[in-house]
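Understanding the architecture of this molecule
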Amino acid sequence: RYWKKMEELYLAVVGVKDTKKYFDRTEYMMDCIRFNRSYISRKTKKILVTANMSAGKSTLLNSLIGKKVNKTQNDTCTAKTHLLYNKAFEDSLSYEYDYDLELNASLEVLMEDNTNNVSKEIYVGTRFRTIEDIDIPICFIDTPGVNSSQDEEHKKISEEMIINEEYDLLLYVLNGENIGTDDDKKHLRFVANNYKGRIVFVINKLDRFRAKDDSVKRTLENVKKDLIELGYNNPIVCPTSAYAAYLAKMKIFGEELNEDELDEYEGFCRKLKKDQFRFEQYYSEELTTEKNDNKEELLLLHSGILSLERILYKER
């Protein structure tokens, strides 16, 4: 009779037969398995992310995911494509497939590339942290910076991915401190000539503007004008402070910040309260937070990330 029970359990686990004849201790696990099987059976929305170096692409992805899973500009980045998958639910585990499969990858494992991996891809899976739950499978395809002076392979991989990869949306990240560079114009022309699908342009690092010297509104208008001249019709341009959003999510989800990060967090809270740095106002659908006295959620709102998530995570 025990073998019969094990057979029933096996058939349920592999999805051949849905039965309630489990051991009592397996109920929670079976609920997770059923939920996960239903989740991964749905079509994954793939978002390819491209940028020149120093645009803050990795920081933007870390802020959207709400965890540090991608190397930032302070780390040595290799010519690899990172595929970042949203898991069905939070289990406090991240996996990485980089030659070896790590089902409980530490930060050290996530930040260090396995030299034995001769492929061009690294896979990471974790539950994305968002204020509004994401109910569709999402995959960010993170490509290398295209203007690396150290390795021409970065540009080649990124351009091949833009042309050949199947994805639903392209996310182009611009550095708000260096708008209109020759490198960006070259890459924008390449994208315009080789990709005709849906594009969202993100202008990052706008938190570094000085209120008396710079205008967020005028910058957005000028970027839209330049994109139209390059051949983009009705471009969607989204202002963000990715690092402010990342720190806000760390606070919201109970992660400990070091002394420098706490100072930066407090600085962002003050600056993004100012009129022109409330980035959510520049989106077509202006959001609010339910907890207007919550510093973390207000910072996340003003960073523009909540509004950007609404755009990226629509079903189609």
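Here the structure is a predicted model, which means the values were calculated and not measured.

1. Focus: the packing of aromatic side chains
Counted under the stated rule, the structure contains 10 aromatic pairs. Three or more aromatic residues joined by ring pairs form one cluster here, namely Phe-128, Phe-140 and Tyr-313. The cationic tip of Lys-271 hangs over the ring face of Phe-277; the distance from NZ or CZ to the ring centre is 5.0 Å.

2. Brief notes about the nonpolar core
One finds Leu-60, Phe-140, Leu-170, Leu-171, Val-191, Leu-308 and Leu-312 to be the most contacted residues of the largest nonpolar core, which totals 79 residues. No other element matches helix H8 (residues 242–252), which puts 7 residues into this core.

3. Quick word on empty space enclosed by the protein
To locate leftover empty space, one rolls a probe as large as a water molecule over the atoms. Tallying each qualifying case throughout the model produces 1 cavity of 30 Å³ or more. Taken as a whole, the largest cavity encloses approximately 50 Å³ of empty space. Lining the largest cavity are Phe-268, Cys-269, Leu-272, Lys-273, Lys-295, Leu-298, Leu-299 and His-302. Elements represented by at least two residues in the lining of the largest cavity include exactly helix H9 (259–271) and helix H10 (295–302). Of the residues in the lining of the largest cavity, the class split is 5 nonpolar, 1 polar and 2 charged.

4. Description of the packing of helix H3 (residues 57–65) against helix H11 (residues 305–312)
Contact geometry for H3 and H11: axes closest at 11 Å, N-to-C directions at 80°. The pairing of H3 with H11 is recorded here as roughly perpendicular in orientation. Packed against H3, whose contacting residues are Leu-60, Ser-63 and Leu-64, the element H11 presents Ile-305, Leu-308, Glu-309 and Leu-312 at the interface. Looking at the contact of H3 with H11 residue by residue, the classes come out as 5 nonpolar, 1 polar and 1 charged.

5. Thoughts on the side chain of Asp-207
Summarising the element assignment, Asp-207 is placed in the loop between strand S8 (199–204) and helix H7 (216–229). No salt bridge is formed by the buried Asp-207. Its closest oppositely charged neighbour is Arg-208, at 4.4 Å. In terms of polar contacts, Asp-207 uses its side chain to reach the side chain of Ser-241, at 2.7 Å. Asp-207 has contacts with Ser-241, Phe-268, Lys-271, Leu-272 and Phe-279, leaving out every residue within four places of it along the chain.

6. Structural notes on unusual backbone geometry
Its identity as a non-glycine residue notwithstanding, Ser-54 has a phi of 70°, on the positive side. Note on placement: Ser-54 falls in the loop between strand S1 (45–51) and H3. The exposure class assigned to Ser-54 is partly exposed, which follows from its relative accessible area of 39%.

7. Thoughts on the sheet that holds S8
Read across the open sheet, the 9 strands follow the order S4-S3-S5-S2-S6-S1-S7-S8-S9; overall the sheet is mixed. Looking at strand neighbours, the two that pair on one side only are strand S4 (100–102) and strand S9 (236–239), the edges of this open sheet. Across the sheet, the mean angle from the axis of one strand to that of its neighbour is 20°, orientation sign disregarded. Across 5 bridges, S1 lies against strand S7 (residues 169–175) in parallel orientation. Bridge assignment links Val-49 to a residue of S7, and that residue is Leu-171.

8. Things to note about H11
Of all 8 residues making up H11, 7 are buried, and the element is well covered by its neighbours. Within the span of H11, buried status applies to Ile-305, Leu-306, Ser-307, Leu-308, Glu-309, Ile-311 and Leu-312.

9. What to know about the environment of Lys-17
Position of Lys-17 relative to the elements: it lies in the loop between helix H1 (2–13) and helix H2 (27–40). Given a relative accessible area of 40%, Lys-17 falls into the partly exposed group. Sequence spacing of Lys-17 and Glu-7 is 10 residues, and the spatial spacing of their C-alpha atoms is 10 Å. Aside from chain neighbours lying at most four places away, what touches Lys-17 is Glu-8, Leu-11 and Ala-12.

10. Thoughts on the side chain of Thr-81
Along the chain, the position of Thr-81 falls in strand S2 (residues 81–86). For Thr-81, a relative accessible area of 1% puts it in the buried group. Leave out the neighbours within four places in its chain, and Thr-81 touches Lys-120, Glu-121, Ile-122, Ile-141, Asp-142, Pro-144, Ile-157 and Met-161.

11. Structural notes on the state of the cysteines
Scanning all chains against the criterion turns up 0 disulfides. In this structure Cys-238 is not part of a disulfide, and its nearest cysteine sulfur, from Cys-139, lies 20 Å away. Of the residues examined, Cys-238 reaches a relative accessible area of 1% and is grouped as buried.

Conventions and cut-offs
Residues numbered from 1 in each chain as written. Predicted model: local features only at pLDDT ≥ 70, side-chain atom pairs only at ≥ 80, totals over all residues. Heavy atoms only, no water. Phe/Tyr/Trp six-rings, centres within 6.5 Å; stacked < 30°, edge-to-face > 60°. Lys NZ or Arg CZ within 6 Å of the ring centre and 35° of its normal. Core = buried A, V, L, I, M, F, W, Y, C linked by side-chain atoms within 4.5 Å. Buried < 20%, exposed > 50% of the residue type's maximum accessible area, 1.4 Å probe, protein only. Helix = DSSP H or I, 4+ residues; strand = E, 2+ residues; numbered from the N terminus. 1 Å grid on protein atoms, 1.4 Å probe; cavity = no way out; pocket = protein on both sides within 12 Å on 5 of 7 lines; lining within 4 Å. Points joined across faces, edges and corners; volume = space filled by probe spheres on them. Nonpolar A, V, L, I, M, F, W, Y, C, P; charged D, E, K, R; others polar. Axes fitted to C-alpha atoms, helices over the stretch in contact; angles between N-to-C directions. Parallel < 35°, antiparallel > 145°, perpendicular 65-115°, else oblique. Contact = heavy atoms within 4.5 Å. Lys, Arg positive; Asp, Glu negative; His and termini not counted. Salt bridge = Lys/Arg side-chain N within 4 Å of Asp/Glu carboxyl O. Polar contact = N/O pair within 3.5 Å; in protein donor to acceptor, adjacent residues only side chain to side chain. Pairing = 2+ DSSP bridges. Disulfide = S-S within 2.5 Å.

None of the figures reported here should be taken as evidence of function without further support.
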